[in-house]
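The primary structure of each chain is shown beneath.
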Amino acid sequence: MNKNELEERLNLVKNDLNGAVLVAVSKYSPVEDVAMAYSLGQLDFGENRVSELTAKAGSFQFNQRQNVRWHFIGTLQTNKVKELLKTPNLWAIHSVSSKKLLEEIIRRESEITEPELNLFFQLNTSREEEKSGFDTVAEIAEAIELLLAKKKSNLVCYGLMTMGSIREENFEEAARKSFKELKVARDYLAERFSLPNLKLSMGMSQDYKIALEEGADFIRVGSLLFKE
Ligand SMILES: *Cc1c(COP(=O)(O)O)cnc(C)c1O
């Protein structure tokens, strides 16, 4: 990847952020391109496979790129939780998708290398079968109860995540509907659990502008930045 090109693309997205955080999804990219983005001041990166994340995070640690913040955004198997939590500079998991998975994260909490780990609960707003995530807000409420019941924990109930529909004819309208639904869920949970700072992680290359209009705090953009 050409450095000037990458810089232009990063700036294009950054101009729209208005205070939101850009998570640069580096799953398509070799670690050299991720390092290039880091050298341009991009510190937040998202990966959707544990093995790929640990390899890149290991390389960053070796090269003392210490300000990086890794975001895990993919479907997570319980048997990979331990390996994931050990990752250096792991800042957040955006894809906590079931109570069982949360229980495993809680069980493995002592593995985390940072003072805290931020958790986003994924809501399957598009109800597409192939997407993971909780099906209902009530189930997320149960999970949050479980997390908050832990008196001393370094796991932070940080926010909610969703993905817009990939199948709808009118993807823009469908995405907006998903994002609005996530915001309603967030407002309800924030009130119910007195968590006024719950964040929204929503929006990818094709719909991040809509997500920002709907109040996204974190957008996860990959191909628009990194695809050749
Ligand atoms: C790949 C991925 C993204 C980024 O998708 P792009 O369309 O490449 O921007 C965002 N979120 C999740 C969960 C992903 O798996």
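Remember, predicted model here, so these are calculated numbers, not experimental data.

Trainee: Would you explain the packing of aromatic side chains in this entry?
Mentor: Two numbers describe a pair of aromatic rings. These are the distance of the centres and the angle of the planes. In total, this model carries 10 aromatic pairs according to the counting rule given. Arranged with centres 5.9 Å apart and planes meeting at 35°, the rings of W91 and F218 form a pair that is tilted. Of this pair, W91 sits in strand β4 (residues 90–96) while F218 sits in strand β8 (residues 218–221), and the two are 127 residues apart along the sequence. With respect to class, W91 is no different from F218; both count as buried.

Trainee: Explain helix α2 (residues 31–39) here, please?
Mentor: Three or four residues apart is the spacing at which side chains of an α-helix point the same way, because the helix has 3.6 residues per turn. Among all positions in α2, only D33, V34, A35, M36, A37 and Y38 are buried. Residues of α2 that are buried make contact with α1 (3–14), β2 (44–47), α3 (50–62), β3 (69–72) and α9 (223–226).

Trainee: When you look at the site of the ligand in this model, what are you seeing that I'm missing?
Mentor: Taken together, V25, K27, Y28, I73, M163, M204, S205, R220, V221, G222 and S223 make up all the residues around the ligand. Between an oxygen atom of the ligand and a side-chain N or O atom of S205, the distance comes to 2.6 Å. Within the backbone of S223, a nitrogen or oxygen atom sits 2.8 Å from an oxygen atom of the ligand. Protein chains shield 90% of the accessible area of the ligand, which is 380 Å² for the free molecule. Grouping the amino acids of the shell around the ligand by side-chain chemistry returns 6 nonpolar, 3 polar and 2 charged.

Trainee: I would appreciate a short explanation of the UniProt feature "modified residue: N6-(pyridoxal phosphate)lysine" (unreviewed entry) in the chain in the present structure.
Mentor: Look at the UniProt record and you will see "modified residue: N6-(pyridoxal phosphate)lysine" (unreviewed entry) annotated at K27. With a relative accessible area of 33%, K27 lands in the partly exposed category. Leaving out residues up to four positions away in the same chain, K27 has contacts with G46, E47, N48 and K56.

Trainee: Explanation requested: the pattern of salt bridges in the structure shown.
Mentor: Under the definition given, this model contains 15 salt bridges. Put simply, K56 and E47 hold a salt bridge, and the shortest N to O gap is 2.8 Å. In this pair, the class of K56 matches that of E47, namely buried. Its salt-bridge partner being E214, residue R176 comes within 2.7 Å of it at the nearest N-O pair. Highlighted residues: R176 in helix α7 (residues 171–192) and E214 in the loop between α8 (208–213) and β8, separated in sequence by 38 residues. The network of salt bridges with common partners includes R176, K180, K183, E213 and E214.

Cut-off values and rules
- Residues numbered from 1 in each chain as written.
- Predicted model: local features only at pLDDT ≥ 70, side-chain atom pairs only at ≥ 80, totals over all residues.
- Heavy atoms only, no water.
- Phe/Tyr/Trp six-rings, centres within 6.5 Å; stacked < 30°, edge-to-face > 60°.
- Helix = DSSP H or I, 4+ residues; strand = E, 2+ residues; numbered from the N terminus.
- Buried < 20%, exposed > 50% of the residue type's maximum accessible area, 1.4 Å probe, protein only.
- Contact = heavy atoms within 4.5 Å.
- Near = heavy atom within 4 Å.
- Polar contact = N/O pair within 3.5 Å; in protein donor to acceptor, adjacent residues only side chain to side chain.
- Areas by Shrake-Rupley, 256 points an atom, 1.4 Å probe, with all protein chains shown as cover.
- Nonpolar A, V, L, I, M, F, W, Y, C, P; charged D, E, K, R; others polar.
- UniProt positions renumbered as here; feature names shortened; annotations may be inferred.
- Salt bridge = Lys/Arg side-chain N within 4 Å of Asp/Glu carboxyl O.

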